[in-house]
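In case you want the letters, here they are:
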Amino acid sequence: MIIDGKKTAAELREKLKKKVADLKSKHNAVPGLTVILVGEDTPSKIYVKNKEKSAIEVGINSEVIRYPADLEEKVLLEKIKELNNNNKVSGILVQLPLPKHIDKRKVIENIDPGKDVDGFHPMNVGNLSSGHDSSIPCTPLGCSLLLKKVEKNLSGKHAVVIGRSNLNGKPMTQLLLKENCTVTITHSKTKDLKAECLRADIIIAAVGMPKLVRGDWVKKGAIVIDVGINKTDSGLVGDVDFDSVSKVAKAITPVPGGVGPMTIACLLNNTVECFEKAHTE
Ligand code: GUN
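Here we look at helix H6 (residues 138–150)
Link 1 in the chain: Here H6 spans 19 Å end to end across 13 residues, near enough to the 18 Å set by a 1.5 Å rise per residue.
Link 2 in the chain: The buried count for H6 comes to 10 of 13 residues, which makes it a mostly enclosed element.
Link 3 in the chain: Among the residues of H6, those classed as buried are Cys 138, Thr 139, Pro 140, Leu 141, Gly 142, Cys 143, Ser 144, Leu 146, Leu 147 and Val 150.
Link 4 in the chain: The inward-facing, buried residues of H6 contact helix H1 (5–27), helix H7 (169–178), strand E6 (202–205), strand E7 (223–226), strand E10 (251–252) and helix H10 (259–278).

Examining the sheet that holds E7
Hydrogen bonds between backbone atoms are what pair the strands of a sheet, whose relative direction is either parallel or antiparallel.
Link 1 in the chain: Across the sheet, 5 strands lie side by side as E5-E4-E6-E7-E10; this open sheet has parallel pairing. The two strands at the open ends of the sheet, each matched to only one other strand, are strand E5 (182–186) and E10.
Link 2 in the chain: Against the sheet, H7 makes contact with strand E4 (158–162), E5 and E6, and its axis sits at roughly 170° relative to E4, the strand it touches most.

Here's the deal with the nonpolar core
Link 1 in the chain: Among the nonpolar cores identified, the biggest contains 47 residues, and Ile 60, Leu 147, Leu 176, Ile 204 and Ile 225 are the most heavily contacted of them.
Link 2 in the chain: In terms of residue count, H10 provides more of this core than any other element does, 9 residues in total.
Link 3 in the chain: Ignoring anything within four residues of it in the chain, the contact list for Ile 204 reads Leu 147, Val 160, Val 161, Ile 162, Met 172, Leu 176, Ile 225 and Val 227.
Link 4 in the chain: By size, the runner-up hydrophobic cluster in this structure holds 17 residues, among which are Leu 193, Ala 205, Val 218 and Ala 222.

Conventions and cut-offs
Residues numbered from 1 in each chain as written. Predicted model: local features only at pLDDT ≥ 70, side-chain atom pairs only at ≥ 80, totals over all residues. Heavy atoms only, no water. Helix = DSSP H or I, 4+ residues; strand = E, 2+ residues; numbered from the N terminus. Expected span 1.5 Å × (residues − 1). Buried < 20%, exposed > 50% of the residue type's maximum accessible area, 1.4 Å probe, protein only. Contact = heavy atoms within 4.5 Å. Pairing = 2+ DSSP bridges. Axes fitted to C-alpha atoms, helices over the stretch in contact; angles between N-to-C directions. Core = buried A, V, L, I, M, F, W, Y, C linked by side-chain atoms within 4.5 Å.

Here's what the structure looks like:
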C-alpha cells in the first residue's frame with residue numbers, strides 16, 4: 001500500500017474549509033495566519049508561497065510579512081509583539097532557518113504560545129511531553145495522521161524513529177508514546193541502525209540522508225513513513241529507498257506526495273485550532 005499524502009491532505013483541507021465557514025457564521029470572524037519570512041532562502045520562499053496558497057484555499061485570512069536578510073532582531077521581536085496583541089491573528093509562524101545573527105530561540109519564545117502554530121514554544125513542547133493539550137508540530141502531526149490511515153490502533157507496536165530533531169524526531173516520539181507505542185529513538189551515534197530498524201513495526205525516517213533505509217533494513221509488513229526531502233542529481237528523494245522498501249513494507253509514504261502535503265494541511269489545522277481555543281476562553 002502506498003500511503004497517499006496528497007489525497008489525505010486534500011481531504012483534511014476540505015474538512016477545514018467547511019469548519020472555517022461554520023466558524024465564520026458563528027463568530028463573524030475567520031482564523032488568521034501570519035507567516036514571517038526573513039531573507040532569500042529559496043526552499044523557504046517556496047514553502048511560504050505554498051502555505052499562503054493553501055491558507056487562502058480553506059478561507060483562512062493569510063498574511064505574509066517578508067523582511068530582508070539583514071533585518072535587526074529587535075524589529076522582528078517588535079513585530080511578533082504586535083501580532084501577539086492583534087486579535088485578528090490566530091497563528092504566527094516564523095519560517096526557519098533564520099539568518100545567523102537572529103537568535104532563533106529568542107524569537108520562538110516571544111511568540112504567544114496560544115498562537116504558536118508550529119508547536120515550537122517551550123510551553124507547547126513541555127505540554128506535549130507531559131501529555132497535555134498543546135500545539136503539535138505540523139510534520140509529526142501529519143505523519144501520525146498518515147499512520148492512522150493504515151492502522152487505527154498502534155498500541156504495543158514497536159516504532160523506530162530515525163533522527164532526534166526538535167522539529168521532527170522528538171515530537172514524533174511523544175506522539176507515538178501517546179498512542180502507546182514502544183519507541184526507540186535513533187540518531188547519528190546509534191551503533192547498529194540496520195538492526196534497530198529490523199525490529200520495527202513502524203519506521204519514521206527523519207534524518208535528511210538520501211535513501212538511507214533500504215529493503216534489507218525493514219521487517220516484512222512494517223509501516224514506513226518517510227519525512228526526508230533530499231535534493232539529489234536524480235531529483236527529490238526521501239530518506240527511504242522506495243523501490244526496495246516498498247517490496248517488503250505493508251505501507252509506505254512516497255516522496256514527493258507523502259508527508260510533505262500533510263505538513264501544510266496540519267499547519268492550517270493548527271491555525272483553526274488556535275482560533276477555536278481563543279474563542280472559547
Ligand atoms: N522550516 C522548515 N520546516 C519548518 C516548519 O515546520 N516550521 C517553520 N517555522 N519553519 C520551517
